[in-house]
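What follows is the residue order along each chain.
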Amino acid sequence: LFKLKSRPAPAKFDGNIFIVTGAGSGIGRGIAIELGKLGAHVALADIEAEGLNQVEAEFAANKSNPPLLILGDQSKEEDVKATLSKTIRHFGGLDGVVINAGIGVSDLLEDLEVDKWKRGLDINLTSAFLMTKEAMKVLRKQKMGGSLVYVASKNAFAPGAGFGGYSVTKAGMLQLMRIAALEGG
């Protein structure tokens, strides 16, 4: 008699392709690693190479599918387009994007420098808009659906003094998410 071995069940996201922005640290890093553990093919996008390399090492340690590392500034339109095209060329398509890239913007409104305000808007909100815009085009063209996941903050609902610049960007992200759902759903 032969004893048949059963195959392990496929991982939850086997074969799915995701981009995670801000994947080199914090929440983005945690999400990327978890997607990798669940069998996804992941493009790790960040502005800093060191964090990407560390996450890549964690993927290898977890025996996850090798990630694609994409260095770039997701608040620049050409970098967002490059992130999407590199991902599609490398993995063959796109199933979802985790829009997470962000920075803290602190200071009382009276003390907040306009350059710091604009940097927060660019990184926290413009990057989310650009990735939404370009990812929606890709997902619509593929005609298979997909997911856009937005990482906002409790500050969008309950801002605190000294974090106005940050809170405004995260509230804007929530509105962007709602509009994307209306237009893309």
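See the structure shown above.
Residues numbered from 1 in each chain as written. Predicted model: local features only at pLDDT ≥ 70, side-chain atom pairs only at ≥ 80, totals over all residues. Heavy atoms only, no water.

### A closer look at the overall build of the protein chain
When its secondary structure is counted, the protein chain shows five helices and five strands. Helices and strands appear in the protein chain in the N-to-C order β-α-β-α-β-α-β-α-β-α. By its C-alpha atoms, the protein chain is 80 × 35 × 30 Å across when sized along the principal axes. A total of 185 residues make up the protein chain; the buried ones form 42% of that total. In the protein chain, once contacts between residues fewer than 6 apart in sequence are set aside, the share between residues at least 24 apart is 64%. With the model as given, the accessible surface of the protein chain reaches about 10,600 Å², and the carbon-plus-sulfur share is 57%. The protein chain carries 22 positive and 20 negative side-chain charges, and their two centres are separated by 11 Å. (Helix = DSSP H or I, 4+ residues; strand = E, 2+ residues; numbered from the N terminus. Buried < 20%, exposed > 50% of the residue type's maximum accessible area, 1.4 Å probe, protein only. Contact = heavy atoms within 4.5 Å. Areas by Shrake-Rupley, 256 points an atom, 1.4 Å probe, with all protein chains shown as cover. Lys, Arg positive; Asp, Glu negative; His and termini not counted. Charge placed at Lys NZ, Arg CZ, Asp CG, Glu CD.)

### Points about the pairing of strand E1 (residues 17–21)
The side chains of a regular strand alternate between the sheet's two faces. Burial of E1 is extensive: five of the five residues sit out of reach of the surface. Alternating residues of E1 divide into Ile17, Ile19 and Thr21 and Phe18 and Val20, and every residue in both groups is buried. In this region the chain leaves E1, passes through helix H1 (residues 26–37) and returns to the parallel neighbour strand E2 (residues 41–46); the handedness of that crossover is right-handed. (Right-handed = clockwise from strand over helix to strand, strands pointing away.)

### Quick word on helix H5 (residues 164–184)
Taking 1.5 Å per residue as the helical rise, H5 with its 21 residues ought to reach 30 Å, and the 30 Å between its terminal C-alpha atoms agrees with that figure. Within H5 the residues assigned to the buried category are Gly164, Gly165, Tyr166, Ser167, Thr169, Lys170, Met173, Leu174, Leu176 and Ala180. Taken together, the buried residues of H5 touch strand E4 (96–99), helix H4 (114–142) and strand E5 (147–150). (Expected span 1.5 Å × (residues − 1).)

### Things to note about the packing of aromatic side chains
Enumeration according to the criterion identifies one aromatic pair in this entry. Note on Phe13 and Phe18: the rings are 5.3 Å apart at their centroids and 85° apart in plane angle, and the pair reads as edge-to-face. The class of Phe13 is partly exposed, set by a relative accessible area of 23%. Owing to a relative accessible area of 9%, Phe18 belongs among the buried residues under this scheme. (Phe/Tyr/Trp six-rings, centres within 6.5 Å; stacked < 30°, edge-to-face > 60°.)

### Things to note about the pattern of salt bridges
Counted according to the given criterion, the structure contains five salt bridges. For the salt bridge of Glu58 with Arg29, the shortest nitrogen-to-oxygen distance reads 2.7 Å. Note that Glu58 is positioned in helix H2 (residues 49–61) and Arg29 in helix H1, a separation of 29 residues in sequence. (Salt bridge = Lys/Arg side-chain N within 4 Å of Asp/Glu carboxyl O.)

### Topic: the side chain of Gln74
Positionally, Gln74 belongs in the loop between strand E3 (68–71) and helix H3 (77–91). With relative accessibility at 5%, the residue Gln74 sits in the buried group. A polar atom in the side chain of Gln74 sits 2.9 Å from the side chain of Thr83. Not counting the four nearest positions on each side in its chain, Gln74 is found in contact with Thr21, Ala45, Asp79, Val80, Thr83, Ser127, Leu130 and Met131. (Polar contact = N/O pair within 3.5 Å; in protein donor to acceptor, adjacent residues only side chain to side chain.)

### Notes on H3
With 15 residues, H3 should cover 21 Å at 1.5 Å per step; its first-to-last C-alpha distance of 21 Å lies within 8% of that length. Inspection of H3 places Val80, Thr83, Leu84, Thr87 and Phe91 among the buried residues, and these make up the whole buried set. Taken end-on, H3 shows its buried residues confined to a sector of 90°, consistent with a single buried face. In H3, those exposed residues whose orientation departs by more than 90 degrees from the buried face are Glu78 and Arg89. (Arc of directions from axis to C-beta.)

### Concerning the sheet that holds E4
Strand pairing in a sheet is mediated by backbone hydrogen bonds. Such pairs are either parallel or antiparallel. What the five strands build is an open sheet, ordered E3-E2-E1-E4-E5; its pairing is parallel. Sheet topology places E3 and E5 at the edges, where each strand pairs with a single neighbour. Along the sheet, successive strands turn relative to each other by an average axial angle of 15°, direction set aside. In this sheet, E2 lies alongside E1 in parallel orientation, the contact comprising five bridges. Looking at the pairing, Ile17 lines up with His41 of E2. Contacts from H4 reach E1, E4 and E5, with the element oriented near 170° to E5. (Pairing = 2+ DSSP bridges. Axes fitted to C-alpha atoms, helices over the stretch in contact; angles between N-to-C directions.)

### Things to note about the environment of Phe18
Locating Phe18 in the fold gives a position in strand E1. For the pair Phe18 and Ala43, spaced 25 residues apart in sequence, the C-alpha to C-alpha distance is 6.2 Å.

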